[in-house]
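Working through the structure, step by step
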Amino acid sequence: MFSRLFRKDRGQHIARSLYDSLVRSARRPAFYGADGVEDSVDGRYDMIVLHAVLVMRRLREGGDLGRDLAQRVFDVMFDDMDAALREMGTGDLSVGKKIKEMGEAFYGRATAYETPLAEDDQAALTQALERNMFEESEPRPDVCARLAEYALASVATLEAQSIDALMAGEAPDFAEA
């Protein structure tokens, strides 16, 4: 009985590890700057969402356990977003509203990206990225096309990675940025 009280939740630990890995990938400098996404809170959020969508898609291929882990990664992501908003000085009364908006944005992007990712359709994914990213600035078609190419290459790279290894917490493999 006491062992259950003191046992760490392995699934939560794995979800945190996967999330931390995808955030490191999303923050690679190659994605930002004059030839990339705006290096802003919104730009970083969009890149984290793109990477999270890719990882969660792959995890869902792991059956019930994979879907559970994908949900845990999502939960860790939004716990992190909540903490980041509070750290940036967002008032307690506003955090819930902002998290709700971010969650809706996540689901909207995930839905928009799903079919082009599943169909390996770079043109459609480029259009989905143009519609969903760059809310603060004018989207550059060349940046969106490069991101679409990267995302599709990452789908292939993630598919080559063992689902069992990923579900055990091995850092997700993404394409080169």
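Residues numbered from 1 in each chain as written. Predicted model: local features only at pLDDT ≥ 70, side-chain atom pairs only at ≥ 80, totals over all residues. Heavy atoms only, no water.

1. Topic: the packing of helix H2 (residues 10-26) against helix H3 (residues 41-60)
Quick reminder of the rule: Every angle, taken between N-to-C directions, lies between 0 and 180 degrees, and every axis is a line fitted to C-alpha atoms, over only the stretch in contact when it is a helix. A run of DSSP states H or I qualifies as a helix once it reaches four residues; a run of E qualifies as a strand once it reaches two. Both are numbered from the N-terminal end. Each angle receives one of four descriptions, namely roughly parallel if under 35 degrees, roughly antiparallel if over 145, roughly perpendicular if within 65 to 115, and oblique otherwise. For a crossing to be left-handed, the near helix must be turned anticlockwise from the far one by less than a right angle; the clockwise case is right-handed. Note on contacts: a residue pair is in contact if any heavy atoms of the two residues lie within 4.5 Å. Residues are sorted three ways: Asp, Glu, Lys and Arg are charged, Ala, Val, Leu, Ile, Met, Phe, Trp, Tyr, Cys and Pro are nonpolar, and all the rest, Gly among them, are polar.
Between H2 and H3, the shortest axis-to-axis distance is 9 Å and the interhelical angle comes to 135°. When the axis of H2 is compared with that of H3, the two are oblique. Handedness of the H2/H3 crossing: right-handed. Residues Leu18, Tyr19, Leu22, Val23, Ser25 and Ala26 of H2 form the contact with H3, whose participating residues are Met47, Ile48, His51, Ala52, Val55 and Leu59. When its residues are assigned to classes, the contact of H2 with H3 shows ten nonpolar, two polar and no charged.

2. Looking at the packing of helix H6 (residues 122-132) against helix H7 (residues 141-160)
The interhelical angle for the contact between H6 and H7, taken along N-to-C directions, is 120°, at an axis separation of 8 Å. Considered as vectors, H6 and H7 are oriented oblique to each other. The two elements H6 and H7 cross, and the hand of that crossing is right-handed. Mapping the contact onto sequence places Gln122, Leu125, Thr126, Leu129 and Glu130 in H6 and Pro141, Cys144, Ala145, Leu147, Ala148, Glu149, Ala151 and Leu152 in H7. Among the residues forming the contact of H6 with H7, the class breakdown is nine nonpolar, two polar and two charged.

3. Considerations on the environment of Ser17
Relative to the helices and strands, Ser17 is located in helix H2. Each C-alpha atom of the pair Ser17 and Arg109 lies 23 Å from the other, and the pair is 92 residues apart in sequence.

4. Remarks on the packing of aromatic side chains
Put simply, the test is: Only Phe, Tyr and Trp rings take part, Trp by its six-membered ring, and two of them pair if their centres are within 6.5 Å. Stacked means planes under 30 degrees apart, edge-to-face means over 60, and tilted covers everything else. Two thresholds decide whether a charge sits over a ring: the Lys NZ or Arg CZ must be within 6 Å of the ring centre and within 35 degrees of the ring normal.
Counted according to the given criterion, the structure contains six aromatic pairs. Aromatic rings pair up to connect Phe74, Phe78, Phe106 and Tyr107 into one cluster. Across the ring face of Tyr32, the terminal group of Arg44 is positioned such that the distance to the ring centre comes to 5.5 Å.

5. Description of the nonpolar core
Condition: Nine residue types can take part in a nonpolar core, namely buried Ala, Val, Leu, Ile, Met, Phe, Trp, Tyr and Cys, and a core is a set of them joined through side-chain atoms within 4.5 Å. Classification of residues uses two cut-offs on accessible area relative to the type maximum, computed with a 1.4 Å probe and protein chains only: under 20% is buried, over 50% is exposed, and between them is partly exposed.
Residues Met77 and Phe106 are the most contacted members of the largest nonpolar core, which totals 57 residues. The set of elements that each furnish at least two residues to this core consists of H2, H3, helix H4 (63-87), helix H5 (92-118), H6, H7 and helix H8 (163-167). It is H3 that provides the largest number of residues to this core, a total of eleven residues. Look past the residues within four positions of Met77 in its chain and what remains in contact with it is Tyr19, Tyr45, Ile48, Val49, Ala52 and Phe106.

6. Re the environment of Leu69
Considering the arrangement of structural elements, one finds Leu69 in helix H4. Sequence separation between Leu69 and Arg140 is 71 residues; the distance between their C-alpha atoms is 34 Å. Setting aside anything within four residues of it in sequence, one finds Leu69 in contact with Gly11, Ile14, Ala15, Leu18, Leu59, Leu166 and Met167.

7. A closer look at the confidence of the model for the protein
Detail in the predicted coordinates should be disregarded across regions flagged by low pLDDT. Keep this limit in mind: Confidence of the prediction at every residue is given by pLDDT, a number between 0 and 100.
Across the protein, the average pLDDT comes to 90, with 93% of residues at or above 70. Of the regions scoring below 50 in pLDDT, residues 1-7 engages in zero contacts with residues more than four places distant in sequence or in other chains.

8. Comments concerning the pattern of salt bridges
Defined as follows: A pair is scored as a salt bridge if a Lys or Arg side-chain nitrogen falls within 4 Å of a carboxyl oxygen belonging to Asp or Glu.
What the rule picks out here adds up to eleven salt bridges. Across the pair Arg109 and Asp46 runs a salt bridge whose closest N-O atoms are separated by 2.8 Å. Note that Arg109 is positioned in helix H5 and Asp46 in helix H3, a separation of 63 residues in sequence. Across the pair Asp64 and Arg67 runs a salt bridge, and its minimum N-O distance is 2.4 Å. On the criterion of helical spacing, the pair formed by Asp64 and Arg67 is a turn pair, its members being three residues apart in helix H4. Among the residues examined, Asp64 registers a relative accessible area of 61% and is labelled exposed.

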